[in-house]
Each structure stands twice: as C-alpha cells, then as structure tokens.
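Observations on the three-dimensional arrangement
Each chain, written out:
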Amino acid sequence: MSYKAHHERSIKDPDGFWGEQAQLIHWEKPFNKVLNYDNPPFAKWFEGGLTNLCFNAVDRHLKDRADQIALVTVSTETNQEKAYTFKELYEEVNRMAAIYKANGVKKGDRVLIYMPMIAEACFAMLACARSIGAIHSVVFGGFASHSLASRIDDTKPKLIVTAEAGARGGKAVPYKPLLDEAISLAEYKPEKVLIVNRGLTEFTTVADRDLDYASERQKHLNDVVPVVEWVDATHPSYILYTSGTTGKPKGVQRDTGGYAVALAASMKHIFTGNPGETMFCTSDIGWVVGHSYIIYAPLLSGMATIMCEGTPLRPDAGIWWELVDKYKVSVMFSAPTAVRVLKKQDPASLTKYDLSKLRALFLAGEPLDEPTASWIHGAINKSIVDNYWQTETGWPILAIQRGVEVMPHKFGSPGVPSFGYNMKLLDDVTSEELGPDQKGVIAIEGPLPPGCMQTVWGDDKRFISTYWEAIPGKLIYSTFDWGIKDKDGYFFILGRTDDVINVAGHRLGTREIEESISSHSNVSEVAVVGIEDKLKEQAAIAFVIPKDSSNTATLEAECMKTVDSTLGAIARPGRVYIVTALPKTRSGKIVRRALQAVAEGRDPGDISTMDDQSVLAQIKTIIEQSAKAKKTGNFGQKALLALLLGELFCFQSPIWLGIQGFTSKNGMIARFETN
C-alpha cells in the first residue's frame with residue numbers, strides 16, 4: 001500500500017484502520033468499540049477492551065523468546081554492564097511488583113520514579129502496570145527540589161522509587177538529599193520511599209518511611225505475582241510533566257491500550273524494528289522518548305533495548321558505536337545535539353566498529369544543520385531519518401514511514417503526516433486553512449490518534465483551554481509551532497508560537513525561569529527569552545531590573561544559582577543581563593520579540609507600539625559591552641565562574657548530550673538517504 005492510501009484510510013476509516021493495528025498487541029478481552037468520540041475533544045480508543053502494558057511488553061514473549069536478551073543496561077560512569085533476558089526481566093518486574101503490593105500500592109495509585117538510567121528504573125515502570133494497574137510518573141533526575149515538589153503535590157504518589165545517587169562525569173550526583181528536600185517542601189507526603197543504594201554516596205534514611213530496595217527484593221526474591229491486572233484500554237498508564245507557559249508544568253496523562261497499539265504500529269511502520277533485533281535509544285527515561293522508545297516500544301515489539309548511563313564521550317567518543325557493534329543494533333535513535341558533540345571528535349571513533357547491522361539512525365528533538373547531517377551520514381554511511389513529535393503525542397506526528405513506503409526525504413523537513421494525524425496549517429488570525437508555502441500554525445484535527453494524551457492530569461479544563469482553544473473559532477489541537485507545507489505535503493517546522501523554548505531538545509517554559517529569578521531578593525522585574533544557539537538550538541537569556549542598582553556585582557551569578565536551586569541547572573540562563581528598563585508597549589506588556597531580536601543581533605522590526613524605544617538601544621549597548629568585556633577578559637570573576645560551571649554542567653548533562661525528551665520544535669536532515 002502506498003503512503004497516500006495508508007494515511008488516507010487512517011483518517012477516513014479510523015475504526016477499520018486502528019482495528020487492524022490493534023491486532024499487534026494482546027487483548028485479554030476484545031474491545032467493544034475502536035473509537036468513542038462522543039465528547040470532543042476527549043477521544044476514547046478501544047473502549048471496553050482489557051489489556052495490560054507490561055504483559056504485552058514482557059509476559060507474552062516468554063513463550064517464544066524467554067532466553068532472548070530483552071534489556072541491556074550500561075553505565076560508563078561506574079563501568080557496569082548487564083543484560084537481562086525476557087525471563088530475567090519478568091522475574092525482576094515480579095519482585096518489584098511484589099514490593100509495591102506489600103507496601104499497599106493499589107490500582108489507580110501513583111508511583112513517582114526519580115531515578116538515574118539503571119535497570120531498576122525499568123523494573124519500577126513496568127511493575128506499576130503488570131499486576132497492580134498503578135500509574136507511574138517519572139521525573140528526570142536533573143530536576144531540583146522545587147520542581148520535584150510540585151510534581152509530588154500534583155500526582156500525590158503512594159510510593160516514590162529513587163536511588164541515592166546517579167553518576168555524571170565520573171562523579172556521584174546525589175538524588176536522595178534532593179528528594180528529601182522536595183518532600184519537605186511538598187504539601188503532600190508519600191507513605192514510602194524505596195531506595196536503590198548503588199554505593200556511590202552516603203545518605204540518611206527516614207525511619208518508618210524509607211525502604212532499602214536490596215532488602216525488600218530479598219524478601220520477595222522468589223515471589224511471582226500470578227494475577228495480571230487487566231485494565232480497560234482507557235485506564236491511565238502514566239503521567240509525564242511538560243513545561244507550560246503559565247509556570248505550572250502540565251501532567252500529560254496517557255492511556256494504556258491506545259498507547260500500546262500506537263507504539264507497536266510506529267515500530268512497524270516508522271522505525272521498522274523486528275522481533276529479535278536490538279534498539280538503542282540514547283534518551284533518558286525522564287523524557288517521553290525514554291518512555292516510548294527505550295522502555296515500551298522495543299519490548300512491545302519483542303526487541304532488546306539498551307539503557308545507557310553516561311555521555312557519548314566517556315570513556316571515549318566511540319562508546320555508542322561500540323555498543324552498536326557489540327549488541328548488533330539495527331535501529332538507533334538519538335538527537336542532533338549529540339551528533340554535534342561527536343562531530344568535534346576523531347572520526348576514527350566511528351569507523352573502527354562494525355555497524356553492518358545498523359539500518360538507520362533516527363534523529364529528532366531539534367533542527368540539524370546540513371554540514372552536521374552530511375558529516376554523520378558520511379561517518380557511518382547509514383540512512384539518517386527525521387521525525388517530529390511532542391511529549392503530548394507520545395509518538396511521531398511527522399515522519400517518513402519507511403515500513404509503508406520509502407519516500408524521498410527533503411532537507412529541513414521531518415516528513416509527512418504520520419498515520420492517524422489529520423494535519424492542518426492554519427492562519428493564526430483568521431483560522432483559515434492555508435495552501436502550499438504559506439506560514440501558519442500547525443494543528444491537528446480531532447480526534448487525536450491512539451497514544452496521544454488523554455487530558456491534563458486532574459484538569460480537563462486546562463486540557464481544552466491550552467490545546468484546543470488556542471486557534472480562534474475552532475476546536476482543534478494546536479502544536480504551538482509555526483510551519484509551512486510544500487506542494488508535496490512535506491511540513492517544515494519554523495519555530496514556537498508560545499513562550500516555550502527548546503534547549504538541546506528539552507522544553508523550558510520561560511515563565512518558569514522568570515518566576516524563579518523573580519524570587520531573588522534583589523530582582524524587581526525580569527524577562528526571559530530564547531535566542532539562537534549553534535550547538536543547542538536555543539539558549540535562555542534573562543534581562544533583570546534590580547531593586548538596588550548599587551549592589552549588582554554578583555547578581556548574575558546569584559540569579560543563576562537561584563534557578564539551579566529551584567528548577568535545576570538544565571534551566572539556567574546562558575546569560576543574565578542587568579538592565580535599568582525593559583521594552584514595553586504602552587499597555588505595559590513586555591515586547592519579548594524585540595528583546596530576542598536585539599540579543600541575536602537582528603533588526604527588531606516594527607517597534608511603533610513600544611512606549612520608550614530608547615530602552616532597546618540601551619539594552620543593545622549593554623549586550624555589546626558585555627560581549628566585548630568577555631572577549632578581553634574584563635568580566636566579573638564570579639559571573640564568569642558561574643558561566644563556566646554552567647557550561648561544564650551542560651556538557652556533562654543528558655540535556656547537552658542530546659539525551660532528552662521530545663519538544664515540539666524540530667526539523668531534521670532528510671537528503672542523505674542511502675538506500
């Protein structure tokens with residue numbers, strides 16, 4: 001079947017199309033109806049059908065591939081590596097599920113997972129579904145206590161699973177103290193905290209609350225939880241938080257049956273992964289890509305999956321390709337930022353390993369420039385394939401669906417609409433649909449296909465107002481991305497329409513950063529914008545008006561430290577400029593587009609609505625003087641130290657290395673198809 005016919009059927013006959021795709025997973029009880037869209041925009045897929053996400057990912061493979069490798073965990077930080085067969089993975093998940101049950105976790109309860117990239121994180125996720133029907137919420141280990149506390153208050157977890165520390169750059173990164181502080185800050189208090197002690201750092205325990213995983217595992221070593229908790233397809237599987245423009249993160253709620261079907265279909269039609277093969281996704285489980293393409297999709301497809309703690313440069317720039325060689329990886333998924341890191345290394349690191357089993361390198365998360373794309377294609381001589389999606393959708397919106405038809409790629413375009421997505425390009429003022437080569441807002445007509453978010457956790461009204469009412473006069477899902485579509489139906493992503501920026505593939509709400517900086521005692525007003533960055537796509541830049549202008553020598557470093565302590569170093573601005581005023585309209589609205597333009601050295605365009613146009617000239621002078629001072633070395637030592645430490649942290653962090661979840665901004669290489 002051609003791509004056109006495949007996609008057209010998915011839109012015009014969703015019942016027939018998705019009814020067929022549903023056969024890719026196991027149903028304990030058949031569904032009554034493929035799609036219930038009686039209450040737009042809330043779509044219910046496979047209603048009445050009983051299934052289980054973990055059973056589909058693990059249990060059902062025991063018959064045919066019990067001794068096949070299912071999970072490989074590698075830590076280049078601790079020099080540990082272990083492979084688990086499907087049988088061994090089944091046993092470990094049973095033990096974790098038994099621990100949950102022994103500590104009162106029931107169907108519908110939430111389990112918050114704050115973990116590094118270790119095997120127990122995978123066990124913790126899968127165990128929620130297998131025999132409990134609990135809902136997991138994974139929080140990226142780089143988040144600071146305040147961010148973690150907000151997620152604890154929103155999910156109200158019965159139990160939290162954590163480790164005492166992760167590892168980065170050869171050093172331990174403590175998790176337990178951050179978690180303890182977060183719990184102290186949160187209004188809601190979890191009953192139990194399960195701790196995986198890796199022996200990386202000392203930590204304190206809280207009596208009657210904290211549990212040692214090793215001891216609990218030993219208690220339940222031989223336990224088999226025989227009853228799988230079959231849940232309705234619409235039962236929530238997990239909550240994953242994503243930044244918003246209000247300062248309060250949104251809990252993306254995912255279902256069970258629709259998610260399993262969508263991921264299985266995406267592996268068949270987009271990523272072309274087959275049972276018995278190996279997939280290596282360099283993401284982190286704290287992001288949606290880690291959920292979808294490290295944990296669930298490969299296992300659903302009977303593939304082995306690799307979880308890697310570390311960077312692409314440790315112990316050397318060949319580590320990823322060594323793993324591709326060793327485990328015969330056929331499908332690899334990474335990000336442009338990681339490729340840019342590798343581009344600076346000795347190309348011999350890529351050529352000394354056998355990559356013959358690797359069919360394609362999928363890249364997404366942020367745009368990839370043509371020179372970098374050319375380099376990675378030439379270095380590994382493999383197809384470089386783009387795709388575009390969001391935390392909210394859970395799987396690609398735009399892609400070349402190689403399992404359906406291998407279509408031509410176009411540089412800068414992530415491809416054409418994936419099956420099930422009824423894509424529209426709309427004028428943001430008139431809401432009219434636009435033709436080829438016209439700039440508009442990329443939108444998706446309801447119903448959203450299986451696997452996409454059900455709602456915002458605990459807030460249906462926010463789900464509607466945020467996503468479905470952003471385009472005047474239409475109940476339609478907005479991606480909040482500008483784009484154009486060419487005459488062949490290929491989409492090109494041009495940037496965000498809201499105040500969310502993309503830093504190396506991680507979505508950061510500028511409002512969140514502003515609120516953090518505003519908490520500093522010497523900050524009167526602040527504006528944060530995202531500016532272009534050659535390495536990370538965008539960098540956050542802050543403009544601060546101090547309360548006391550006579551005491552600003554260390555304010556930049558202090559603002560950065562404030563962001564570190566409240567949001568985590570991933571949200572730290574690249575620069576904090578101390579200014580006397582901000583450009584505003586006569587009604588008092590900050591003109592952020594003008595700030596962004598000046599910071600990027602561009603013409604700010606029409607500023608006729610600005611109350612005092614001289615403010616921009618003053619800010620431009622401050623930026624130029626700061627750049628000149630930095631070049632000549634006449635730069636505040638504390639501020640410089642903060643910047644250097646910030647860059648060092650980013651260099652060692654999963655964010656900078658491209659190990660991230662998906663944002664809604666993308667646009668990737670396409671012309672280097674080799675087949």
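The structure reproduced in this document is the subject of the present report. Note that this is a predicted model, so its numbers are computed, not measured. (Residues numbered from 1 in each chain as written. Predicted model: local features only at pLDDT ≥ 70, side-chain atom pairs only at ≥ 80, totals over all residues. Heavy atoms only, no water.)

**Side note on the overall build of the protein**
To keep it simple, the criterion reads: Note on conventions: DSSP H or I runs of at least 4 residues are helices, E runs of at least 2 residues are strands, and numbering of each starts at the N terminus. Throughout this description, buried means an accessible area under 20% of the type-specific maximum (1.4 Å probe, protein chains only), exposed means over 50%, and partly exposed covers the range between. We call two residues in contact when some of their heavy atoms are within 4.5 Å.
If you tally the helices and strands in the protein, you get 21 helices and 32 strands. Classification of the 675 residues of the protein by burial places 63% in the buried group. In the protein, once contacts between residues fewer than 6 apart in sequence are set aside, the share between residues at least 24 apart is 73%.

**Examining the pairing of strand E2 (residues 42-47)**
As a reminder of what qualifies: What makes two strands pair is DSSP finding at least two bridges between them.
Here strand E1 (residues 33-39) runs beside E2; their pairing, made up of 4 bridges, is antiparallel. In the strand pairing of E2, Asn 36 is matched with Lys 44.

**Brief notes about the pattern of salt bridges**
To keep it simple, the criterion reads: One side-chain nitrogen of Lys or Arg within 4 Å of one carboxyl oxygen of Asp or Glu is enough to make a salt bridge.
With the rule as written, the count across this model stands at 28 salt bridges. The partner of Glu 277 in a salt bridge is Arg 359, with the nearest N and O atoms 2.9 Å apart. Of this pair, Glu 277 sits in the loop between helix H10 (257-269) and strand E16 (278-281) while Arg 359 sits in the loop between helix H14 (348-351) and strand E19 (360-363), placing them 82 residues apart in sequence. The partly exposed category is assigned to Arg 359, whose relative accessible area is 32%. The salt bridge involving Lys 424 is made with Glu 433; its shortest N-O contact spans 3.9 Å. Since its relative accessible area comes to 17%, Lys 424 is described here as buried. One salt-bridge network, in which partners are shared between bridges, spans Lys 176, Asp 180, Arg 209 and Asp 210.

**Notes on the side chain of Ser 237**
Structurally, the position occupied by Ser 237 is in the loop between strand E13 (231-232) and strand E14 (238-242). When residues no more than four places from it in sequence are discounted, the contact partners of Ser 237 are Leu 53, Ala 134, Ile 135, His 136, Arg 254, Asp 255, Thr 256 and Tyr 259.

**A word on the sheet that holds strand E17 (residues 304-309)**
Taken together, the 9 strands give an open sheet; going across it, the order is E5-E4-E17-E16-E18-E19-E20-E21-E22, and neighbouring strands pair in mixed fashion. Pairing within the sheet leaves two strands with one partner each, and these edge strands are strand E5 (80-85) and strand E22 (416-417). Of the strand pairs in this sheet, E16 and E17 are connected by 3 bridges, and their pairing is parallel. By the bridge assignment for E17, Met 279 is matched with Thr 305.

**Regarding the nonpolar core**
Quick reminder of the rule: By nonpolar core is meant a set of buried Ala, Val, Leu, Ile, Met, Phe, Trp, Tyr and Cys residues that side-chain atoms within 4.5 Å join together.
Of all hydrophobic cores here, the largest spans 129 residues; its most connected members are Tyr 100, Leu 126 and Tyr 293. Among the elements that take part in this core, helix H6 (residues 119-130) stands out by supplying 10 residues, more than any other. Beyond its immediate sequence surroundings of up to four residues, Leu 126 is in contact with Cys 54, Ala 57, Val 58, Leu 89, Val 93, Ile 295, Tyr 296 and Leu 299. Among the nonpolar cores identified, the runner-up in size contains 28 residues, and Val 74, Trp 321, Trp 375 and Ile 376 belong to it.

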